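# Observations on the model geometry
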Amino acid sequence: MEIKEKIIDAAIEIFSTMVMMDVSVSEEGVNDSGRLQDTITGLIGLAGTHKGVLAIHIPHPVALAITSNFLGIDISEINEDVEDAVGELANMLGGNVKTVLTENGRDIDLSLPSTISGSSYHFQPSKDVEKVVVRFETAHGPFLIELQLEK
Amino acid sequence: MGKNVLLVDDSSTMRKIIGRSLRQAGIEFDNIFEAGDGLEALAILEKEKVDIVLSDINMPNMDGISFLREKSNRDNMKDIPVLMISTETGDDIIGEAKSLGAVGSIKKPFTPDKVNEVLGPLL
């Protein structure tokens, strides 16, 4: 399965089963995450036979809605709960991507998830990479999933 | 006497989700203990009565595989069953977990039905 399709399938499964939120792939194609405004990024590193990073970029209002659904309580500010929830989304997405890139689970290691949050930033952890960026839509707004793999 | 479960995951969100999935699956425990890594889990197992452990694999300080290895060396807890709940699905890693005593595994993401299907027969 092409990795972009796997990312799409994984995101839809994760959001429908764990977040209880419908997501769909945007008709608006994107090639780059660009400058991220008022966004939180959850990321997980891949090391081994494939090196790179998997990131999910979520605008703050969408992240609040996702975390509220995830936890079943109203969340009104970007706090540790939001960081933890977004990190866990990255972790689950990274695990799914890993299954596409490796058969036995031992030749790629995943880092622990981490998050970045800010009012304006550009996400470019490495220069010479192949990028897959998918834009998703929710009832609360869009978010991006980005995979960067070293060439 | 009711049963107690220990949830081991570095994500507090995931611990809450697992707890919610247990309730949605109709699986009731008297006590739900929580640990953020293998070291915290061992400390809880030293002092609390726990009937089953649900553990992640990738965690800081002590991961799920090291936790299983250490637990298997302690007579007072080596027979407590551990079910892995992880994004890890590779045969090598799950196989190693089972060789160290894990009784099964659930892949994240999961549904309450899946939790019930795997965990139910173990209780």
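Structure: above.
Residues numbered from 1 in each chain as written. Chains lettered and ligands numbered in written order. Predicted model: local features only at pLDDT ≥ 70, side-chain atom pairs only at ≥ 80, totals over all residues. Heavy atoms only, no water.

Secondary structure assignment for chain B yields five helices and five strands. N-terminal to C-terminal, the α/β element order of chain B is β-α-β-α-β-α-β-α-β-α. Over its C-alpha trace chain B gives a radius of gyration of 13 Å, about what one expects of a compact globule, namely 14 Å for 123 residues. If you line up chain B on its principal axes, its C-alpha atoms span 35 × 35 × 25 Å. Across the 123 residues in chain B, those meeting the buried criterion constitute 54%. Nonlocal contacts in chain B, meaning residues at least 24 apart in sequence, comprise 66% of its contacts between residues at least 6 apart. Of the accessible surface of chain B, which amounts to about 5300 Å², a share of 43% is contributed by carbon and sulfur atoms. The averaged location of the 21 negative side-chain charges in chain B is 3 Å from the averaged location of its 15 positive side-chain charges. (Helix = DSSP H or I, 4+ residues; strand = E, 2+ residues; numbered from the N terminus. Rg over C-alpha atoms; globule rule 2.2 N^0.38 Å. Buried < 20%, exposed > 50% of the residue type's maximum accessible area, 1.4 Å probe, protein only. Contact = heavy atoms within 4.5 Å. Areas by Shrake-Rupley, 256 points an atom, 1.4 Å probe, with all protein chains shown as cover. Lys, Arg positive; Asp, Glu negative; His and termini not counted. Charge placed at Lys NZ, Arg CZ, Asp CG, Glu CD.)

Each side of the interface is counted separately: chain B has 25 residues, and chain A has 25 residues. Both sides of the chain B and chain A interface together cover about 2100 Å² of buried area, and 53% of this is carbon and sulfur. The largest per-residue losses of area from chain B upon contact with chain A belong to B:Thr13, B:Thr87 and B:Pro109, which jointly make up 26% of the total buried on that side. Across the chain B-chain A interface, the total number found is three salt bridges. Across the salt bridge formed by B:Lys108 and A:Glu88, the nearest N and O atoms sit 3.2 Å from each other. Where chain B meets chain A, there are nine residue pairs in polar contact (both at pLDDT 80 or more). (Buried area = accessible area lost by both parts, 1.4 Å probe. Salt bridge = Lys/Arg side-chain N within 4 Å of Asp/Glu carboxyl O. Polar contact = N/O pair within 3.5 Å; in protein donor to acceptor, adjacent residues only side chain to side chain.)

Shape is all these values report; function is a separate question.
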